[in-house]
Structures are given as C-alpha cells and as structure tokens.
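Overview (structure and organization)
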Amino acid sequence: MKGLLIKDFQLSLLNIRMLVIICVVSIFITSSSTGSASFVISYVTIIFFMFVLTSISYDEMDHSISFLFTLPISRKTYVREKYVFSLICGMIGLVFSTAVCMVVGAVKNVNLIEPDMIPAALGIYLTLLFIVALMLPIQLKFGGDNGRIALFIVFGVIFVAIIIGSKILEHFNIHEADIIKFLDLLLSSNTALAIPGFILLVLAALGISYKISVKIMEHKAL
Amino acid sequence: MILEMKNVLKQYDNFKLDCSLSLDAGCVTGLIGQNGAGKSTTFKSILDLIHIDGGEINVFGKPHTSLTNRDKQDISIVLADSGFSGYLTIGKIIPVMSAMYDKFDKKDFTERCNRFGLPLDKQIKEFSTGMSAKLKVLVALSHDAKLLILDEPTAGLDVVARDEVLNMLRDYMEDESHAILISSHISTDLEGLCDDIYFICDGKVILHEDTDVLLSDYASLKVDEKQYEKLDKKYIISVLKESYGYRCLTAQKQFYLENYPDIIVEKGSIDDIIMLKVKGETL
C-alpha cells in the first residue's frame, strides 16, 4: 500500500499550481472578512478530498490500472489505499487551511480561529468523509469520468428524494422548520452524544462503502 | 514448472479463448498469433486481470488466484498498452518500486536508465515509443523476478532499440532459474530468443513446437498443379492455393528433399508457418 500511496501523492503534487491557487484564494478570502475562516476550511478540505477522485482518473488513463494490478498488490489493497489516501488528504486539507487562517489571523492581528470552531471543523471533516464513503464505490464502479456523471445522478436522486420526502411530511402537517427545531433540540440536549454518534455513523458508512468497493473491484475486468 | 495453463476458457460475445500451455524454468516460450488471436487475453488471464470461465492456471505451483503479494514480486510484466501513468517521471517511479519490491535494485536501475539514455526527470508521456518500451523492460528487470511475462515488448521499436531490448532479455536468461513468456508480432525476434513457440489462432493453440524443430524440420514446398498431384501428402500439414500452384507446409523437410528433388523446398520460417496454418487448408 505504501507504494500506491507514494504514487498517488506524486500524482497529486502535479496539481501544485492548483494548490498555489487554493492558497492564494484562501488568504484572499480570510483577509477580506473575519467571519470567513470556516468557509475557507471547508473549501480547502473539499479540494483536498477531490484528489482521491483525480487519482482514480489518473489510474484509468491509458489503461494504467491494468499495469497497476500486475504489481504486488491485491484488489483489496488498492481499495484500502484509496480510503486511506482520502483520509490523509482530507486531514492535510484541514490542517493546511486551519494553518492558513491562523497565519493570516496572526499577520492581521485578528483571531480568525475561535475555540468553538473545532467541533465545526470536525463536523466538516466527518461530513466530507461521509460523502467520500458515498462517492468511492461509484467512482470505482464507473471509472473517473463516468463516475462523475453517476455521482451527479446519485446526488440528483437524493435531492429529489428530499423534496418528495418534505412534500410528504408537509402533507402530514410536519414542516421543514419543525424538523430543524427537532434536530436542534436533539443536538443541543445531547451534545455529548451527538459527536460520537456522528463519528460512529461515518465509520459505519465508510465500513459499508469499503466492503462494496472491494466487491466492485474484485469483479472488475481490468 | 513455473507456469501451467490447463484448458483455460474465457468466453466473450464474439471470442472464445481455449488455451493450454506450460513454461519451465530456464526456458523462453513464445506466443505468436494474429491481432485478436487471444495473446493479450491469455496474458491477462494469467495475471488474473480477467476472470476465467474454466480450466486452471498455476504459477510457481499455486493457483494464480492464490498468489500472495510476495509471490507477485517474483513476476514481472510488460503490457503492450499499459504501464505507469505517463504523468510520472522515472525519478518518481523509483520510490514507488522501492516500496513495492524487496529486491528492487535502485542503483542498478538508475545506471541502466542512464546507459539507455532515459532521462530521470522527464514525464513518461514525453518519451518516444522506443524509450517507453525500454523503460517498461528495465522496470520489469529491476527486481530480480523469476518469471517475466512480456506482451509485445518490441512493438514499434527500430532495429537498434529492438536489439538492445532483446539483449537485455538474453542477459536476464543467463540465470537458469528465470523464465520468459513473450509475445511478438516480429517473428525474427522470437526465432532468435525462444526455446519453444505456441501458435495461437482464434483463441486456440494450433501448433506448439520447439524453435529448433520449427527451423530445421519445417518447410514450405512450392509446387505446380502436376507436382502437387504426384506429391505424397502424408507429411503435409496444410496447403494454400497460389497463382503458380500450391504452397504446402510440412514438418518433414528431409523426406521431400530426398524424394522430390525437382520441387522447391524453402526452409521454414515462423511467418510462413503462421501464414500456411492460418490461411491454408489443413489436410
């Protein structure tokens, strides 16, 4: 797996120009207003998470993936590496963006990072991991480019399902505001449980997603 | 035995592979056939890149699906249409190879790359066909694998580059525990390198013979209509109608040289054998 990780980091570093742009944009945004640090953290972390999708596209370019599986790696190792790579990339994104905010804050003598942002940052990281859990099996099944189309369709279906769900709830006289109020109540009264609960939910999603991805790769002709 | 394929079946909509072959240590075995004959499918099935529908494949005495990562370190592969991402450089491949292979010899690999004029800091996609082919073979030879599987390693190479690649393979075979399975369109490459050759056509092995026998005992007989009528056909394998009469493939050159001094007997070449086996009518 170490070899695959090195390869993916080598390929991700090719997008160094993009990283520089992210850096510049981050500094620009954080400098423009004091309340934008959480936006920068989410934005940069998302971009870093995207590297895992790019790595799948690189693997599929010019049938490179056939050759990769002639190396001493199993299909399971390949899948595991993609999950580990996304965890590391997300973490780097989170640390990098927080560091940028802190540096900009120090230069401008403004406290951009508040202590209460830590659970929020953790929430962003976990939410993105949840999305990764959804995305990776689709990407591995349909490939880099087709996977993106499939992903749009899946998110479209989820969006439509939410609209339909809310219409049905409205039919039963339960409104969006009621749900938000209920969730707020649930989270504020059980803060101690909410975070571990969310972590467990994300871990479960990653576990299921990993199993599905392994099955997909084991049946894939290369 | 290093590699054994027994009645391996792979069914596609318009193609069926049904292949058996074996490879011993110290041997170079060639696989030859037209485009679409099933060479790449055979390689992919050995490497478990595609799942087979029947038969069995054993590598180092183990089912190919049970090979561990350690076992896979003893296999090196050159695929015709696939390799490391073109966006990487040789310099970036080195740490990947170091992490994957216990026996990867970084110093030797770098020296060989320098000797063959392959720049370490240039993206592979910028390489010429010859440079890419040489790199693929150098990567395959870099970790002391016991089995080398090469799908068209000399495709698109000029004569000099081809010779360099073939010499690298000859050097590799100086160790008798090594073995090579190679496919090529260029029959002269195989004539000079292989101990035995499998001819594959429409997914089936149509001929398997030692290269020495192919070159010494096989012949193409050129005969006109009259000569053909009188010809003893018991040693004729296949016949192809030509403008001057017939061209016949035999594995008993000496018999026809001695008994039919008036006919043209041309020494067998792999190209002739393929042509007559594929296009000719089998007797």
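Owing to the predicted nature of the structure, the values given are computational and were not obtained by experimental measurement.

Quick look at the overall build of chain B now. Helix and strand content of chain B: eleven helices and 15 strands. Reported as C-alpha extents along the three principal axes, the dimensions of chain B are approximately 70 × 40 × 35 Å. Burial status across chain B gives 53% buried among its 283 residues.

In terms of regular secondary structure, chain A is built from nine helices and zero strands. Listing every helix and strand of chain A by position from the N terminus yields α-α-α-α-α-α-α-α-α. Across its three principal axes, chain A shows a C-alpha extent of roughly 55 × 55 × 30 Å. Counting only residues that meet the buried cut, chain A has 41% of its 222 residues in that class. Sequence-distant contacts, at least 24 apart, represent 82% of the contacts inside chain A between residues at least 6 apart. On chain A, roughly 11,900 Å² of surface is accessible, and the fraction owed to carbon and sulfur atoms is 75%. Seen as two clouds, the 15 positive and the 13 negative side-chain charges of chain A have centres 9 Å apart.

With that out of the way, let us pick up the pairing of strand E11 (residues 219-223) of chain B. Residue and element names in this part refer to chain B. Along E11, four of the five residues are buried, which leaves the element largely enclosed by surrounding structure. Sheet analysis places E11 next to strand E13 (residues 245-250), joined by five bridges and oriented antiparallel. Its bridge partner being in E13, Leu221 is matched across the sheet by Cys248.

Moving on, we get to the interface of chain A and chain B. Every contact between the two is made by 28 residues of chain A and, on the other side, 25 residues of chain B. With both sides pooled, the region where chain A packs onto chain B buries about 2,400 Å², and carbon together with sulfur makes up 64% of that total. Among the residues of chain A in contact with chain B, Phe67(A), Thr70(A) and Pro72(A) are the three that bury the most area, contributing 27% of the side total. Looking at the side of chain A that touches chain B, the elements that each hand over two or more residues are helix H1 (2-12), helix H4 (64-68), helix H5 (75-108) and helix H9 (191-219) of chain A. For the side of chain A that touches chain B, the residue count by class is 13 nonpolar, nine polar and six charged.

Residue and element names in this part refer to chain B. In the Ramachandran plot, Asp48 falls in the positive-phi region, its phi being about 60° despite a non-glycine side chain. Structurally, Asp48 is set in the loop between helix H1 (39-46) and strand E4 (54-59). We classify Asp48 as buried; its relative accessible area is 19%. Even without a glycine there, the phi angle at Glu152 is positive, about 50°. Summarising the element assignment, Glu152 is placed in the loop between strand E7 (147-151) and helix H6 (159-172).

Once that is clear, we can look at the side chain of Ser238(B). Residues and elements named next belong to chain B. Along the chain, Ser238 turns up in strand E12 (residues 236-242). Owing to a relative accessible area of 0%, Ser238 belongs among the buried residues under this scheme. A polar side-chain atom of Ser238 sits 3.0 Å from the main-chain carbonyl oxygen of Leu276. Setting aside anything within four residues of it in sequence, one finds Ser238 in contact with Arg247, Cys248, Leu249, Leu276, Lys277, Gly280, Glu281, Thr282 and Leu283.

Looking now at the environment of Glu258(B). Looking at where Glu258(B) falls in the secondary structure, it is placed in helix H10 (residues 253-259). With relative accessibility at 57%, the residue Glu258(B) sits in the exposed group.

What follows concerns the environment of Val40(A). Within the fold, Val40(A) resides in helix H3 (residues 37-60). Non-local contacts of Val40(A), meaning those with residues more than four positions away in its chain, are made with Ser26(A), Ile29(A), Thr30(A), Ser97(A) and Cys101(A).

All names here are of chain B. Parsing chain B into structural domains produces domain 1 (3-212) and domain 2 (218-282). Facing the ten residues of domain 1 at the interface are eight residues of domain 2. In total, about 840 Å² of surface goes out of reach between domain 1 and domain 2, with carbon and sulfur atoms giving 75% of it. Counting the surface domain 1 buries against domain 2, the share from its top three residues, Phe199, Ile206 and Leu207, is 44%. At the surface where domain 1 touches domain 2, the tally comes to zero salt bridges. Where domain 1 touches domain 2, the interface holds three residue pairs in polar contact (both at pLDDT 80 or more). Elements represented by at least two residues in the side of domain 1 that touches domain 2 include exactly helix H7 (187-193), strand E9 (196-201) and strand E10 (204-210). Here the side of domain 1 that touches domain 2 is composed, by residue class, of six nonpolar, two polar and two charged.

Residue and element names in this part refer to chain B. One way to put it is that helix H4 (residues 106-115) packs onto helix H5 (residues 129-140) with a least axis distance of 10 Å and a crossing angle of 160°. Compared by their axis directions, H4 and H5 come out roughly antiparallel. Crossing handedness for the pair H4 and H5: right-handed. Residues Phe109, Arg112 and Cys113 of H4 lie in contact with H5, whose contacting residues are Leu135, Leu138 and Val139.

Overall, the coordinates contain 13 aromatic pairs over all chains when judged by the stated rule. Between Tyr58(A) and Tyr87(B), the aromatic rings sit 5.2 Å apart at their centres with planes inclined by 65°, giving edge-to-face as the arrangement. Here the residue Tyr58(A) occupies a position in helix H3, and Tyr87(B) occupies one in the loop between strand E6 (75-78) and helix H3 (90-100), the pair thus bridging two chains. Note on Tyr58(A): relative accessible area 10%, which makes it buried. Ring pairing ties together the aromatic residues Tyr235(B), Phe255(B), Tyr256(B) and Tyr260(B), which thus form one cluster. Stacked on the ring of Phe69(A), the Lys or Arg Arg75(A) has its end atom at 5.8 Å from the ring centre. Note that Lys233(B) overlies the ring of Tyr228(B), its terminal NZ or CZ placed 4.5 Å from the centroid.

Let's shift gears to the side chain of Asp48(B). No salt bridge is formed by the buried Asp48(B). Its closest oppositely charged neighbour is Arg75(A), at 5.0 Å. Ignoring any residue separated from it by four or fewer positions in sequence, one finds Asp48(B) in contact with Arg75(A), His64(B) and Thr65(B).

Analysis parameters
Residues numbered from 1 in each chain as written. Chains lettered and ligands numbered in written order. Predicted model: local features only at pLDDT ≥ 70, side-chain atom pairs only at ≥ 80, totals over all residues. Heavy atoms only, no water. Helix = DSSP H or I, 4+ residues; strand = E, 2+ residues; numbered from the N terminus. Buried < 20%, exposed > 50% of the residue type's maximum accessible area, 1.4 Å probe, protein only. Contact = heavy atoms within 4.5 Å. Areas by Shrake-Rupley, 256 points an atom, 1.4 Å probe, with all protein chains shown as cover. Lys, Arg positive; Asp, Glu negative; His and termini not counted. Charge placed at Lys NZ, Arg CZ, Asp CG, Glu CD. Pairing = 2+ DSSP bridges. Buried area = accessible area lost by both parts, 1.4 Å probe. Nonpolar A, V, L, I, M, F, W, Y, C, P; charged D, E, K, R; others polar. Polar contact = N/O pair within 3.5 Å; in protein donor to acceptor, adjacent residues only side chain to side chain. Domains from an automatic or database assignment. Salt bridge = Lys/Arg side-chain N within 4 Å of Asp/Glu carboxyl O. Axes fitted to C-alpha atoms, helices over the stretch in contact; angles between N-to-C directions. Parallel < 35°, antiparallel > 145°, perpendicular 65-115°, else oblique. Left-handed = near helix turned anticlockwise from the far one by under 90°. Phe/Tyr/Trp six-rings, centres within 6.5 Å; stacked < 30°, edge-to-face > 60°. Lys NZ or Arg CZ within 6 Å of the ring centre and 35° of its normal.

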